[in-house]
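Each chain, letter by letter, is given below.
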Amino acid sequence: MLDFLISPLRKLGHTSINAIWRLGYASRFLISILMYSGQSLMRFSLVIREVYFAGVLSLIIIIVSGLFVGMVLGLQGYNTLARFGSSDALGALVALSLLRELGPVLAALLFASRSGSAMTAEIGLMKTTEQLDAMSVMAVNPVARVVAPRFWAGVISMPVLAALFNVMGIFGGYLVGVVMIGLDAGTYWSQMNNAVDLHFDVVNGLIKSLVFGIAVTLIAVFEGYDATPTAAGVSSATTRTVVTSALVILALDFVLTAFMF
Amino acid sequence: MKRSTIDLWVGIFVAIGIACVVFLSLKVANLTPQSADSTYVLTADFDNIGGLKIKAPVKSSGVVVGRVTNVELDTQRYVAHVTMALDRHYQFSRDTSAEILTSGLLGEQYVGLTEGGDPDTLKPGDRITITSSALVLEQLISKFMLSFAEKGDSNSGKNASAAQ
Amino acid sequence: MPSDFFIELRNVSFAYDRRLILKNINLRIPRGQLVAIMGGSGSGKTTLLRLISGQFRPQQGEVLVDGKDVAKMGHAELFAHRRRMGMLFQFGALFTDLSVFDNVAFPLREHTDLPESMIRDLVLMKLNAVGLFGTQELMPAELSGGMARRVALARAIALDPALMLYDEPFTGLDPISLGVIALLIKKLNDALGTSAIMVTHDVHKSLDIVDHVYFVANGEVIAEGTPEQVRAAASPWVQQFVRGEADGPVHFAYPANRGLTDDLGVEGGGHA
């Protein structure tokens, strides 16, 4: 009878302890990445190689989704604004919603599922096939050689991708608003110019994407490094990367928005 | 994949990133490099500035000629002390008047300058003396209501006298 | 007082999550010899290698390599120790994102400041030594299992190590590749004069090439000797292992607490 109550409680306790333990472990992992970053930043070609895999290969998905998000914003925004007779403000609406929220958040979500999961799978597979062990037996620290370059590559790529997403979105809004619906091009840009502030909107959006980049990449490399070295372990670590990243991005977005705007 | 190919692609990638940030700064946020050289400062005191904010535009005949840079309360005379940075290209006469206006019914508030007839122009740091305050909607409504009520009173007075 | 033994394990015990894996192990490996450690799966052989390479630290006892205790080494010392050591992993553990050339060049690039032309010469020499000259442009995914193992061997000997560790070098290879690897291990050991430890459960091939054999079962050394001594040994356990019999001192059945009959409810009418 009492077992009925105790065992779920025990399970809850176990889960919470586990979660806190993993959080602490991840923080220690971040510290060791930062400690060994010097070595990998000295050999910048390692980071460049990872920027290629994390950033350059994400260009297509970012360009296409940015364009479509902008077009949808243009269409929906126009329909709503037209109801209040202020369809001129479409440029401001598209630019502000992209710069402040949609650009950083959606780019980070795409980055997590495209590059974050790839990083986790790659590192997890290296662990499974004893490549990380082989490295440390060869007196090469795997955190310095494998993890830190990927971490920095992610941190570098994320703001670039978010900025590109914003530009493509604004262009998508332009396509729908000006080319398709026929608003005045000058009004589109000038409304945007009046509404958008460099520091308040552009810089804050980029800061957001930088924070997301750090969070997503840390989660990705940590899950990979911590994966159970089996096929099932790597696949569940990859899933965890995507799910945890999505939750962390949205939670951080709320916190950052509360502080910034 | 060849090392040089990767380098090239990453170079392109970073160039795209820089281009995007430049585009966002210049084209979207309209960052016009405003140094202290290209502007001059004027001040004006208002009884009530309503919802005027720092960075609000200063317009003359609807053209933006500058921005509000500072708003503070003058604690000796209890009036709002507004500082504006105006474009050096635009000169205004000494008897220019400043008023706080609203763009549209519910839009943002801005400072409107109306040119006077004095041949001398305002020097940097000068104060605009002729000002009129912001229209505060509540005051407007209450004034309107009051006059309406007075009218009603006199009407009912008339009715009462007529009944007698 | 450098002893004649390059590696010496004294009363080593190791437990993993409270599960005792090695109990009071004593092992001695003379300089320049190739020694095999044999035993069934899960007998703690791989753990032994990891103790020597410093990846694990024993709870008790000493692991002496060239007179120095691995467990007491600091960070720098441990890295110095590993730099003089080569290890061949079970499935090679080649870096999948690097070409064959870059794999073999990896330790050279990480630990030396040699010019690229000299690294090239060294890598090609090592690849030639394992008979794979001409594969340098291939990626690991394009190699067969045996070839991958040979590339890994070339990588392990890139820095001319004083100590070689082989973790199950014969697993999953066809008989010809297996013969090639065994021959290479023997040849390299004789040519370079390295001390080497090989963990394996392939009895026949190993007995042909090694100088000395230790048998490990349930975390204890139960027999040792030269290959001739082992072949003639009277111990029923060694005989079972060497001949590969299914039942003997090592039981076929898992030591379950309950019998099969209990679970099936055949006896005594367990289910009402």
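The model shown is predicted, which means the values in this text are computed figures rather than measured ones.

Chemist: Outline a nonpolar patch on the surface, listing residues and values.
Modeler: A contiguous nonpolar patch, built from Leu135, Leu137, Leu140, Ile141, Phe144, Met145 and Phe148 of chain B and spanning about 780 Å² of accessible area, is present on the exposed surface. Tracing the sequence through the fold places Met145 of chain B in helix H2 (residues 137–163).

Chemist: Can you explain the confidence of the model for chain C? Please cite residues and give values.
Modeler: Residue and element names in this part refer to chain C. Residues of chain C with pLDDT of at least 70 account for 90%, and the chain-wide mean is 82. Across chain C, the element-wise mean pLDDT spans from 70 in helix H10 (residues 260–264) up to 90 in helix H4 (residues 116–129). Under the prediction, the complex receives an ipTM of 0.82, its pTM being 0.78.

Chemist: Outline the packing of helix H4 (residues 90–128) of chain A against helix H8 (residues 198–226) of chain A, supporting the account with residue identities and numerical values.
Modeler: All names here are of chain A. With their axes 8 Å apart at the nearest point, H4 and H8 run at an angle of 20° to one another. With respect to their mutual orientation, H4 and H8 come out roughly parallel. Once H4 is placed against H8, the crossing between them reads as right-handed. Grouping the amino acids of the contact of H4 with H8 by side-chain chemistry returns 16 nonpolar, 7 polar and 7 charged.

Chemist: Before we move on, can you summarise the pattern of salt bridges with the specific residues and values?
Modeler: Residue and element names in this part refer to chain C. Evaluation of the coordinates by the stated rule reveals 27 salt bridges over all chains. As a salt-bridge pair, Arg10 and Glu62 come within 3.5 Å of each other at their nearest N and O atoms. A residue pair is termed long-range when its members are at least 10 positions apart, and Arg10 in strand S1 (residues 5–16) and Glu62 in strand S4 (residues 60–65) qualify at 52 residues. For Asp102, the salt bridge goes to Arg109, with nearest N and O atoms at 2.9 Å. With a relative accessible area of 24%, Asp102 lands in the partly exposed category.

Chemist: Can you tell me about the sheet that holds strand S2 (residues 57–60) of chain B, naming the residues and giving the values?
Modeler: Residues and elements named next belong to chain B. With respect to topology, 8 strands assemble into an open sheet ordered S7-S1-S4-S3-S2-S6-S5-S8, the strand pairing being mixed. This sheet does not close on itself; its edge strands, each paired only once, are strand S7 (127–128) and strand S8 (130–132). Examined bridge by bridge, strand S5 (residues 97–102) and strand S6 (residues 109–114) share 6 bridges and lie antiparallel to one another. Opposite Leu101, over in S6, you have Tyr110 as the bridge partner.

Chemist: Please provide a residue-by-residue account of the packing of aromatic side chains, values included.
Modeler: According to the stated counting rule, one finds 13 aromatic pairs over all chains in the structure shown. Considering the side-chain rings of Tyr188 of chain A and Trp189 of chain A, the 5.4 Å spacing of their centres and the 85° angle between planes classify their relative orientation as edge-to-face. When sorted by exposure, Tyr188 of chain A lands in the same class as Trp189 of chain A, which is buried. Here Lys27 of chain B stacks its cationic end above the ring of Trp189 of chain A, 4.9 Å away from the centre of that ring. When the ring centre of Tyr110 of chain B is taken as reference, the NZ or CZ atom of Lys59 of chain B above it lies at 4.5 Å.

Chemist: Quick rundown of the sheet that holds S1 of chain C? Include the residues and the values.
Modeler: Residues and elements named next belong to chain C. Judged by pairing direction, the sheet is antiparallel, and its 4 strands sit side by side in the order S2-S1-S4-S5 without closing on themselves. Each edge of the sheet is formed by a strand with only one pairing partner; in this case those strands are strand S2 (19–30) and strand S5 (68–69). Here S4 pairs with S5 via 2 bridges, running antiparallel. Across the sheet, residue Val65 finds its bridge partner in S5, namely Lys68.

Chemist: Pulling in residues and values, what's your account of the packing of helix H6 (residues 142–181) of chain A against H8 of chain A?
Modeler: Residues and elements named next belong to chain A. Running from amino to carboxyl end, H6 crosses H8 at an angle of 150°, the nearest separation of the two axes being 8 Å. With respect to their mutual orientation, H6 and H8 come out roughly antiparallel. Handedness of the H6/H8 crossing: right-handed. In this structure, H6 contributes Pro142, Val143, Val147, Arg150, Phe151, Gly154, Val155, Met158, Pro159, Ala162 and Ala163 to the contact, and H8 contributes Leu206, Ser209, Leu210, Phe212, Gly213, Ile214, Thr217, Leu218, Val221 and Tyr225.

Chemist: Describe the interface of chain A and chain B, listing the residues and the values that go with them.
Modeler: Listed by partner, the interface residues are 26 residues for chain A and 20 residues for chain B. Here chain A meets chain B over a buried area of about 2100 Å², counting both sides, of which 82% is carbon and sulfur. Considering only the side of chain A, the residues that lose the most area to chain B are Tyr52, Asn193 and Leu198 of chain A, jointly responsible for 24% of the buried surface there. On the surface where chain A and chain B come into contact, there are 0 residue pairs in polar contact (both at pLDDT 80 or more). Mapped by element, the contributors of at least two residues to the side of chain A that touches chain B are helix H2 (44–54), H4, H6, helix H7 (185–195) and H8 of chain A. Considering each element in turn, the side of chain A that touches chain B owes the most residues, 8 residues, to H6 of chain A. When grouped by side-chain class, the residues that make up the side of chain A that touches chain B number 19 nonpolar, 5 polar and 2 charged.

Rules behind the numbers
Residues numbered from 1 in each chain as written. Chains lettered and ligands numbered in written order. Predicted model: local features only at pLDDT ≥ 70, side-chain atom pairs only at ≥ 80, totals over all residues. Heavy atoms only, no water. Patch = residues over 30% accessible without salt bridge, like charges linked within 9 Å, V, L, I, M, F, W, Y side chains within 5 Å. Areas by Shrake-Rupley, 256 points an atom, 1.4 Å probe, with all protein chains shown as cover. Salt bridge = Lys/Arg side-chain N within 4 Å of Asp/Glu carboxyl O. Helix = DSSP H or I, 4+ residues; strand = E, 2+ residues; numbered from the N terminus. pLDDT = per-residue confidence, 0-100. Axes fitted to C-alpha atoms, helices over the stretch in contact; angles between N-to-C directions. Parallel < 35°, antiparallel > 145°, perpendicular 65-115°, else oblique. Left-handed = near helix turned anticlockwise from the far one by under 90°. Nonpolar A, V, L, I, M, F, W, Y, C, P; charged D, E, K, R; others polar. Buried < 20%, exposed > 50% of the residue type's maximum accessible area, 1.4 Å probe, protein only. Pairing = 2+ DSSP bridges. Phe/Tyr/Trp six-rings, centres within 6.5 Å; stacked < 30°, edge-to-face > 60°. Lys NZ or Arg CZ within 6 Å of the ring centre and 35° of its normal. Contact = heavy atoms within 4.5 Å. Buried area = accessible area lost by both parts, 1.4 Å probe. Polar contact = N/O pair within 3.5 Å; in protein donor to acceptor, adjacent residues only side chain to side chain.

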